[in-house]
Amino acid sequence: MSTTPEHREIVVGVDPVREGHLALAWAADEAHRRRFALRLVVAVPPPHDTQHVDDTPRHQARTRRGKDALRAAADWVRARQPDVRVASALVDGFPAAVMAAMAQRASMAVLGSRHLSRTEEFLSAGSLVVPVTAQARCPVVVVGDAEHITQDPPYLVVGIDGSESSRAALAFAFEEADLRHCALRAVAVWQPPVFTLHTGDSLFHAERRLLSETTAGWAEKHPDVRLTHEVLIGSPVELLADAAERALAVVVGRRGRGGYTGMRVGSVVHGLLHRAHCPVITVPTG
């Protein structure tokens with residue numbers, strides 16, 4: 001993950017209403033591993049524009065609660081990782097827009113997950129995971145509400161489909177595995193086509209060859225990372241989520257092969273954000 005000095009920072013969204021120690025822990029530990037600074041962010045929505053009710057007291061209460069949450073989060077991070085440089089930002093604006101803007105200048109953005117249903121995701125004013133993931137120029141990490149059980153020895157999973165986006169995910173996954181001194185499991189999921197002129201065996205072997213060729217160069221650059229790769233048959237979301245059931249995280253490109261033109265977040269990312277129990281890391285192209 002190439003960064004300029006001014007971008008050597010991880011931003012993490014702090015929810016002033018709900019405790020988000022899992023996301024904070026992930027961000028603090030990652031900042032420690034990469035020797036990056038950590039910026040804690042609370043967004044305070046603007047007062048409602050209404051002629052009937054003065055929303056100023058409510059806005060002031062939100063501001064106070066935000067300041068308290070930032071102070072508590074900063075103390076918690078310093079206790080966990082004393083060497084990490086911590087800064088705080090209380091920003092007026094809606095959470096999704098604020099975090100998306102902050103993510104344009106950061107090396108990584110970390111968010112907690114509310115595990116909203118698809119309907120709630122699009123109707124809730126508090127939903128920010130998908131909009132930030134779609135707009136960020138940096139990798140976005142979404143950490144679930146409940147701590148999951150990791151396997152020993154630890155490993156990461158990366159989804160590969162041959163797209164430019166998945167190649168960016170692979171580069172990040174190797175770097176992350178190297179930093180964590182853990183194994184990397186590269187997974188391609190093949191869905192047999194309903195109609196094709198080729199045999200299923202030839203297409204399956206082509207997928208395996210693509211996976212092997214895609215990972216070869218990165219394995220040489222990161223010789224200390226123990227790599228395994230496999231092609232699974234079925235639904236990409238279900239099989240990647242199952243493969244990452246006890247992984248440290250699953251890494252995917254933001255928009256994979258076969259996505260509709262204009263989509264900023266692919267269907268696999270959408271599905272994993274709702275299905276996976278481990279942290280989901282989405283990597284943009286370039």
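Keep in mind that what you see is a predicted model, and the values were worked out from it rather than measured.

What counts and what doesn't
Residues numbered from 1 in each chain as written. Predicted model: local features only at pLDDT ≥ 70, side-chain atom pairs only at ≥ 80, totals over all residues. Heavy atoms only, no water. Helix = DSSP H or I, 4+ residues; strand = E, 2+ residues; numbered from the N terminus. Contact = heavy atoms within 4.5 Å. Areas by Shrake-Rupley, 256 points an atom, 1.4 Å probe, with all protein chains shown as cover. Axes fitted to C-alpha atoms, helices over the stretch in contact; angles between N-to-C directions. Parallel < 35°, antiparallel > 145°, perpendicular 65-115°, else oblique. Left-handed = near helix turned anticlockwise from the far one by under 90°. Nonpolar A, V, L, I, M, F, W, Y, C, P; charged D, E, K, R; others polar. Phe/Tyr/Trp six-rings, centres within 6.5 Å; stacked < 30°, edge-to-face > 60°. Lys NZ or Arg CZ within 6 Å of the ring centre and 35° of its normal. Buried < 20%, exposed > 50% of the residue type's maximum accessible area, 1.4 Å probe, protein only. Right-handed = clockwise from strand over helix to strand, strands pointing away. pLDDT = per-residue confidence, 0-100. Salt bridge = Lys/Arg side-chain N within 4 Å of Asp/Glu carboxyl O.

Okay, the overall build of the chain next. Scanning the chain from terminus to terminus reveals 9 helices and 10 strands. In the chain, of all internal contacts separated by at least 6 residues, the share reaching a separation of at least 24 is 81%. Carbon and sulfur atoms make up 51% of the accessible area of the chain, which totals about 14,900 Å².

Quick look at the packing of helix α8 (residues 236-243) against helix α9 (residues 267-275) now. Between α8 and α9, the shortest axis-to-axis distance is 9 Å and the interhelical angle comes to 45°. With respect to α9, the element α8 is oriented oblique. As for the relative orientation of α8 and α9, their crossing is right-handed in sense. For the pair formed by α8 and α9, the contact residues are Pro236, Val237, Glu238, Leu240, Ala241 and Asp242 on the first element and Ser267, Val268, Gly271, Leu272 and Arg275 on the second. For the contact of α8 with α9, the class distribution of residues is 6 nonpolar, 2 polar and 3 charged.

With that out of the way, let us pick up the packing of aromatic side chains. Scanning all chains against the criterion turns up 0 aromatic pairs. For the cation-ring pair, Lys221 lies above Trp218, with the distance from its terminal atom to the ring centre recorded as 4.3 Å.

The next subject is the pairing of strand β1 (residues 9-13). With 4 of 5 residues buried, β1 lies mostly within the body of the structure. Where the polypeptide runs from β1 across helix α1 (residues 21-34) and back to strand β2 (residues 37-44), its parallel neighbour, the crossover connection is right-handed.

This next bit is on unusual backbone geometry. The omega torsion of the bond from Asp152 to Pro153 falls at 5°, within 30 degrees of zero and hence cis. By the secondary structure assignment, Pro153 is in the loop between β5 (140-143) and β6 (155-159). Even without being glycine, His181 reaches a positive phi, approximately 55°. With respect to the helices and strands, His181 occurs in the loop between α6 (164-180) and β7 (183-190). The exposure class assigned to His181 is exposed, which follows from its relative accessible area of 73%.

Our next topic: the environment of Ala244. With respect to the element layout, Ala244 can be found in the loop between α8 and β9 (250-253). Expressed as a C-alpha distance, the spacing of Ala244 and Tyr155, which sit 89 residues apart in the sequence, is 8.7 Å.

To continue, consider the confidence of the model for the chain. Mean pLDDT over the chain: 84, with 83% of residues reaching 70 or higher. Of all the helices and strands in the chain, helix α4 (residues 118-123) carries the lowest mean pLDDT, 43, while β6 carries the highest, 97. Contacts for the low-pLDDT stretch residues 116-126, under 50 throughout, to residues beyond four places or in other chains number 14 contacts. Here residues 258-263 is modelled with pLDDT under 50, and outside its nearest four sequence neighbours on either side it reaches 3 contacts, counting other chains as well.

Another aspect to go through is the pattern of salt bridges. If you walk through the whole model with that rule in mind, you get 13 salt bridges. Arg80 is the partner of Asp29 in a salt bridge, and the nearest nitrogen-oxygen pair spans 2.8 Å. Placement of the pair is Asp29 in helix α1 and Arg80 in helix α2 (residues 56-80), with a sequence separation of 51 residues. Of the residues examined, Asp29 reaches a relative accessible area of 16% and is grouped as buried. Of the charged contacts in the structure, one is a salt bridge between Asp242 and Arg275, with a shortest N-O distance of 2.8 Å. With Asp242 in helix α8 and Arg275 in helix α9, this pair connects stretches of sequence that are 33 residues apart. For Asp242, a relative accessible area of 40% corresponds to the partly exposed category. Via salt bridges that share partners, Glu30, Arg33, Arg34, Glu175, Glu176 and Arg180 belong to a single interconnected network.

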